[in-house]
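The residues making up each chain are set out below.
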Amino acid sequence: LPGRRRPRPPRQRTRRSMNADDILNALRKAWPSAAIVPELEIRDEYAYANLDNPDGHDSLVRRIDALMIDKQIRTAIEIKVDRADAKRETWAKIRPWKRVTHRFLYAVPEGLIDTSPVIDASIGIVWVRVDGTIEWRRKCKINHVPEPLPGIVVERLARRAAQYALLRQETA
């Protein structure tokens, strides 16, 4: 009919509009048997012991975007959705998580980065495509002897599990 507008097709997500939740959902789809826990914090005991605390910045607490545990392998996942964020990455930010996990990887929208923002041959890179599939751009090298997870991290994991159990009871 004249004067009627055609309906627009559903909007496709582009790399620019992909956010951390999109990437986490793609990772959960790729590793359905894994426990993927978002946003955990750890104290950087090395920085604390060496008083490596730059002015105006709390370098003693480090947050990871997700911790994946699958078949007793712990993987720290750092999500980057723009190049500027990736360029701000430093060794000090990832050091405590590399010490307590078997693997460390960056999960990014397809094409965002090809090499690790931090120079380290053991760090992996996973590209997340718009359709939610993933592509390994660089495999992780396994740390066969990670330090144990600090008690505070284990406690936070337990609290999250308990909160989830309460939510499930409330909705049942």
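For clarity, every value in this text was computed on a predicted model and none was experimentally measured. (Residues numbered from 1 in each chain as written. Predicted model: local features only at pLDDT ≥ 70, side-chain atom pairs only at ≥ 80, totals over all residues. Heavy atoms only, no water.)

(A) Representation of the environment of Arg 160 in the model. Summarising the element assignment, Arg 160 is placed in helix 5 (residues 151-171). Overall, Arg 160 belongs to the partly exposed group, its relative accessible area being 31%. Separated by 123 residues in sequence, Arg 160 and Val 37 place their C-alpha atoms 8.6 Å apart. Sequence-distant contacts of Arg 160, that is, excluding residues within four places in its chain, are made with Val 37, Pro 38, Glu 39 and Leu 40. Among the polar contacts listed, one links the side chain of Arg 160 to the backbone oxygen of Glu 39, at a separation of 2.5 Å. (Helix = DSSP H or I, 4+ residues; strand = E, 2+ residues; numbered from the N terminus. Buried < 20%, exposed > 50% of the residue type's maximum accessible area, 1.4 Å probe, protein only. Contact = heavy atoms within 4.5 Å. Polar contact = N/O pair within 3.5 Å; in protein donor to acceptor, adjacent residues only side chain to side chain.)

(B) Main features of the pattern of salt bridges. Inspection of every chain in the model, using the stated rule, returns 14 salt bridges. For Arg 88, the salt bridge goes to Asp 85, with nearest N and O atoms at 3.5 Å. For Asp 120, the salt bridge goes to Lys 98, with nearest N and O atoms at 3.3 Å. One end of the pair, Asp 120, is in the loop between strand 4 (103-109) and strand 5 (124-128); the other, Lys 98, is in helix 4 (residues 91-100), with 22 residues separating them in the sequence. (Salt bridge = Lys/Arg side-chain N within 4 Å of Asp/Glu carboxyl O.)

(C) Structural view of helix 1 (residues 20-30). Among the residues of helix 1, those classed as buried are Ile 23, Leu 24, Ala 26 and Leu 27. Buried residues along helix 1 cover an arc of 160° about the axis, so they all sit on one side. Residues Asp 21 and Lys 29 are exposed on helix 1 and point more than 90 degrees away from its buried face. Check the buried side of helix 1 and you find it contacts strand 1 (35-43), strand 2 (61-70), strand 3 (73-79), strand 4, strand 5 and strand 6 (134-138). At the N-terminal end of helix 1, a side-chain oxygen is found 3.0 Å from the backbone nitrogen of Asp 21, two or three residues along, and the residue is Asn 19. (Arc of directions from axis to C-beta.)

(D) Broad picture of the side chain of Thr 75. Note that Thr 75 resides in strand 3. A relative accessible area of 0% places Thr 75 in the buried class. A distance of 2.9 Å separates a polar atom in the side chain of Thr 75 from a polar atom in the side chain of Arg 103. When neighbours within four sequence positions are excluded, Thr 75 is seen to be in contact with Ala 66, Leu 67, Met 68, Thr 101, Arg 103 and Leu 105.

(E) Broad picture of the sheet that holds strand 3. Spatial ordering of the open sheet is given by 1-2-3-4-5-6, a layout of six strands whose pairing is mixed. Both edges of this open sheet fall to strand 1 and strand 6, since each of them pairs with a single strand only. The mean angle between the axes of side-by-side strands here comes to 35°, regardless of whether they run parallel or antiparallel. Inspection of the sheet shows strand 1 paired to strand 2 by eight bridges, in the antiparallel sense. Looking at strand 2, one finds that Ala 35 is bridged to Ile 69. Set on the sheet, helix 4 makes contact with strand 1, strand 2, strand 3 and strand 4; between it and strand 2 the angle comes to about 35°. (Pairing = 2+ DSSP bridges. Axes fitted to C-alpha atoms, helices over the stretch in contact; angles between N-to-C directions.)

(F) Representation of the pairing of strand 6. Where strand 5 and strand 6 come together, four bridges link them in antiparallel fashion. Within strand 6, the position partnered with Ile 125 by the bridge is Arg 138.

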